[in-house]
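What follows is each chain in one-letter form.
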Amino acid sequence: MVADAWFGFSWLLNNQLPKLNPIKRVPDLAALAERHSEAILPGIDDFVMTINPVDEPVMYTVNTILSILAADYPIDKYASYLSDDDGSLVHYEAMIHVAHFAALWVPFCRKHCIEPRSPENYFRMKTRSCVGGMAGEFMSDHRCVRKEYGEFKVRIDSLSTTVRRRSDAYNKGDDGVHATWMADGTQWAGAWIEQADNHRRGQHTGIVQVMLGYPSCKPQLGSSANTKNPIDLSNIDKRLPMLVYISREKHPGYDNQKKAGAMNVMLRVSALLSNAPFVINFDWDHYINNSQALRDPMCFMLDPRGGQNTAFVQLPQRFDDVDLTDRYSNHNRVFFDGTMLSLNGLQGTTYLGIGTMFHRVALYGMEPPRYRAESIKLVRKAAELGNSTQFLNSIPDGAIQERYITPVLVDEGFSNDITTLMTCAYEDGSPWGRVIGWVYNIATEDVVTGFRIHWQGWRSMYCSMEPAAFRGMAPINLTDRLYQVLRWSGGSLEVFFSRSIDLQRIAYLNMSIYPIATMFVLAYSFFPVMWLFSEQSYYIQRPFDMYIMYLVAAIAMMHVIGMFELKWAGITLLD
Ligand SMILES: O=c1ccn([C@@H]2O[C@H](COP(=O)(O)OP(=O)(O)O[C@H]3O[C@H](CO)[C@@H](O)[C@H](O)[C@H]3O)[C@@H](O)[C@H]2O)c(=O)[nH]1
Ligand SMILES: [Mn+2]
């Protein structure tokens, strides 16, 4: 009885309540272009997160970064940041190679309107069309870039060997220090191959390095083909957006708070370097699949009807390399295209961790403008954000949508300011991780952060575009998938029991209590064999005719509703 009641309750929570007021939102890029010329599009900071170059292969990370650098968005209006949570020299040197290869890859994408702009995925495609015209030139450029990409890959693949060999050569015959050495002959500040005090995973200083500086505001055309530059770029803007490498300080005395901790550091560091009013975040394995992807959420953020009060725009997650039958249910189309979309009619979708564009101030814990007596509350809140004057001064600017990214001079004093923002101690006694930034101490930091933002009165939006804005990898073996689902379920229950979260709408409740159903499913699975334990104590009634009729009618009704929902969401029965 309890189980049946629970299933009925979850059905209401999951399938009915969120769908009472379904609203489909479709981005209109043409309308965006009409109202907002390129010159007035707002700035965006793009965050990419990675930890270990072995568990999270560098080749994916570099492709993600390249797809961002090549995105179709005003070049001087966005900056990309890589957070390397283990402080590995391999990642650092990979970014040097990326900066170099991007000088060819990005203009090539612009010249021939390449899609997708992650080179690995582009070169893997069986058929490709030349959208930009110039078919003959396209073929020769294509061959040339493919060759360069092949060499780039070899350099990336051999990075760990290169770093090891170089370090062995430096360390030979020395005084017993087995450091890891950079190409310029200095010791690497992050984790060493042979771990030492202050140079191990989980214990190293913070590092920040601008790999590609802030570009000029005026287009700079490339040169015609020559020995240094094998393809003709004479009519193509060759500027590249800003690229920054960050590795926050780690210390065993502090809980590093995993992804949420790393993102909060990025939020602060980017405030000093580019301070864009919008931020978007990706995991290492999620690349931009549609070069227009950064414009898509802007359609809603800049919408005069409520865009100001929209904290975040969430795009669905799409995955590569999942087997045809999708046996571990990675695509989750009903969730991404049905359930989440239907929340648009309420306060909006919950935050799903990747491919989400935020208003920067929403992450600072500010209320939405409709509840905020503008600057007064901004300033009051600012005082809680820590003790870096530079950072506090950046806050009012970070709220201004019309602001340009202003280039900063990274001198020694400025570097020190940034380093302070990356220290573990910066957040001591502050509300970071509770009411400011991404929320700590919960395995699913995304769900809980989204709840907190909604609770403050912000709205969110959900929309998708074709071809998919972003694509990524999903766990394709059972162990990894089970572990992921277990982590998510545990995290969801944690959110429910933490009681720190005050749900705005009952329709969101299912996001935190859905794992409870597993107990009842397990119990049901055991019922048929209960007689093995005791013959008397379990009596399962034979179904009577009336009951069967009700059952058939109820199941038929659920399927009819289901069919309507599938049609509305635009997905097929197979999904
Ligand atoms: O200490 C850490 C741990 C993780 N990460 C990064 O966090 C991301 C997600 O971690 P992963 O272990 O791959 O988790 P997934 O199950 O793939 O992540 C999903 O689930 C998480 C929790 O709900 C969300 O945060 C993610 O965005 C979402 O992709 C990766 O890019 C990691 O590099 C860090 O930067 N530092
Ligand atoms: Mn992942």
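Source: prediction; values computed, not measured.

What counts as what
- Residues numbered from 1 in each chain as written.
- Chains lettered and ligands numbered in written order.
- Predicted model: local features only at pLDDT ≥ 70, side-chain atom pairs only at ≥ 80, totals over all residues.
- Heavy atoms only, no water.
- Phe/Tyr/Trp six-rings, centres within 6.5 Å; stacked < 30°, edge-to-face > 60°.
- Helix = DSSP H or I, 4+ residues; strand = E, 2+ residues; numbered from the N terminus.
- Buried < 20%, exposed > 50% of the residue type's maximum accessible area, 1.4 Å probe, protein only.
- Lys NZ or Arg CZ within 6 Å of the ring centre and 35° of its normal.
- Salt bridge = Lys/Arg side-chain N within 4 Å of Asp/Glu carboxyl O.
- Pairing = 2+ DSSP bridges.
- 1 Å grid on protein atoms, 1.4 Å probe; cavity = no way out; pocket = protein on both sides within 12 Å on 5 of 7 lines; lining within 4 Å.
- Points joined across faces, edges and corners; volume = space filled by probe spheres on them.
- Nonpolar A, V, L, I, M, F, W, Y, C, P; charged D, E, K, R; others polar.
- Contact = heavy atoms within 4.5 Å.
- UniProt positions renumbered as here; feature names shortened; annotations may be inferred.
- Polar contact = N/O pair within 3.5 Å; in protein donor to acceptor, adjacent residues only side chain to side chain.
- Expected span 1.5 Å × (residues − 1).

## Details of the packing of aromatic side chains
Counted under the stated rule, the structure contains 31 aromatic pairs. Between Phe 47 and Tyr 81 the ring centres are 5.9 Å apart and the planes differ by 85 degrees, which places this aromatic pair in the edge-to-face class. Of the two residues, Phe 47 is situated in strand β1 (residues 44–50) and Tyr 81 in strand β2 (residues 78–84); the sequence distance between them amounts to 34 residues. In terms of burial, Phe 47 and Tyr 81 fall into one category: buried. Where Phe 496 meets Phe 497, the ring centres are 5.1 Å apart and the plane angle is 70 degrees; that geometry is what we call edge-to-face. Grouping aromatic residues by their ring pairs yields a cluster made of Phe 101, Trp 105, Phe 108, Tyr 122, Phe 123, Tyr 149 and Phe 152. One cation-aromatic arrangement involves Lys 24 over Trp 568; the distance from NZ or CZ to the ring centre is 5.8 Å.

## Points about the pattern of salt bridges
If you walk through the whole model with that rule in mind, you get 21 salt bridges. Across the pair Lys 153 and Glu 120 runs a salt bridge, and its minimum N-O distance is 3.1 Å. On the criterion of sequence distance, the pair formed by Lys 153 in helix α6 (residues 135–157) and Glu 120 in helix α5 (residues 119–124) is long-range, its members being 33 residues apart. Of the charged contacts, one joins Asp 321 and Arg 124 as a salt bridge, the two residues approaching to 3.8 Å between their closest N and O atoms. Pair noted here: Asp 321 is in the loop between β10 (319–320) and α10 (333–342) and Arg 124 is in helix α5, with a separation of 197 residues, a long-range link. Through salt bridges with shared partners, a single ionic network connects Glu 38, Asp 72 and Arg 295.

## With respect to the sheet that holds β10
Judged by pairing direction, the sheet is mixed, and its three strands sit side by side in the order β8-β13-β10 without closing on themselves. A strand with exactly one partner marks an edge of an open sheet, and here the two such strands are β8 (287–288) and β10. Where β8 and strand β13 (residues 470–473) come together, two bridges link them in antiparallel fashion. If you follow Tyr 287 over to β13, its bridge partner there is Arg 471.

## Observations concerning empty space enclosed by the protein
One pass over the structure, following the stated rule, counts two cavities of 30 Å³ or more. In this structure, the largest cavity encloses a volume near 60 Å³. Along the walls of the largest cavity sit Leu 315, Pro 316, Arg 318, Ser 464, Met 465, Glu 466, Ala 468, Ala 469 and Phe 470, which together make up its complete lining. Tallied by class, the residues present in the lining of the largest cavity amount to six nonpolar, one polar and two charged.

## Looking at the side chain of Thr 356
Looking at the element boundaries, Thr 356 is found in strand β11 (residues 356–359). Among the residues examined, Thr 356 registers a relative accessible area of 0% and is labelled buried. In contact with Thr 356, other than residues within four places in its own chain, are Val 279, Ile 280, Asn 281, Phe 312, Val 313, Gln 314 and Tyr 351.

## A word on the pairing of strand β9 (residues 310–314)
Extensive coverage of β9 is indicated by the burial of five of its five residues. Across four bridges, the pairing between β9 and strand β12 (residues 459–462) is parallel. Note on β12: the bridge partner recorded for Thr 310 is Arg 459. Bridge count between β9 and β11: three bridges; the pairing is antiparallel. Within β11, the residue paired with Val 313 across the bridge is Met 357.

## Brief notes about the UniProt feature "binding site: Mn(2+)" (unreviewed entry) in the protein chain
When the UniProt feature table is mapped onto this chain numbering, "binding site: Mn(2+)" (unreviewed entry) sits at Lys 259 and Asp 283. A maximum C-alpha distance of 9.5 Å is found for the annotated residues, which run over 25 residues; spatially they form one tight group. Position of Lys 259 among the secondary structure elements: in helix α8 (residues 258–273). Sequence-distant contacts of Lys 259, that is, excluding residues within four places in its chain, are made with Met 49, Asn 281, Asp 283, Gly 353 and Glu 445. At a separation of 2.8 Å, a polar atom in the side chain of Lys 259 contacts the side chain of Asp 283. Here Asp 283 is to be found in strand β7 (residues 278–283). Using a relative accessible area of 18% as the deciding quantity, one classes Asp 283 as buried. When residues no more than four places from it in sequence are discounted, the contact partners of Asp 283 are Val 48, Met 49, Thr 64, Lys 259 and Ile 354.

## Remarks on helix α3 (residues 58–69)
Across its 12 residues, α3 extends 16 Å between first and last C-alpha, which sits within 8% of the 16 Å expected from 1.5 Å per residue. With respect to burial, α3 is a largely interior element, 11 of its 12 residues being buried. All buried positions along α3 are accounted for by Val 58, Met 59, Thr 61, Val 62, Asn 63, Thr 64, Ile 65, Leu 66, Ser 67, Ile 68 and Leu 69.

## Brief notes about unusual backbone geometry
That bond from Glu 115 to Pro 116 is cis: its omega, -10 degrees, falls within 30 degrees of zero. Residue Pro 467 is bonded to the preceding Glu 466 through a cis peptide linkage, with omega at -15 degrees. Turning to its location among the elements, Pro 467 is positioned in the loop between β12 and β13. Residues other than glycine seldom take positive phi values, yet Cys 113 does so here, at roughly 50 degrees. Residue position: Cys 113 is located in the loop between α4 (89–112) and α5. With relative accessibility at 35%, the residue Cys 113 sits in the partly exposed group.

## Some thoughts on the UniProt feature "binding site: UDP-alpha-D-glucose" (unreviewed entry) in the protein chain
Cross-referencing UniProt, the feature "binding site: UDP-alpha-D-glucose" (unreviewed entry) maps to Glu 56, Asp 85 and Lys 258 in the present numbering. Here Glu 56 is to be found in the loop between β1 and α3. Residue classification places Glu 56 among the buried residues on the basis of a relative accessible area of 14%. Residues in contact with Glu 56, not counting those within four places in the same chain, are Met 49, Thr 50, Ile 51, Thr 61 and Trp 284. Here Lys 258 shows up in helix α8. Apart from the residues lying within four places of it in its own chain, the contact partners of Lys 258 are Asp 85 and Arg 248.

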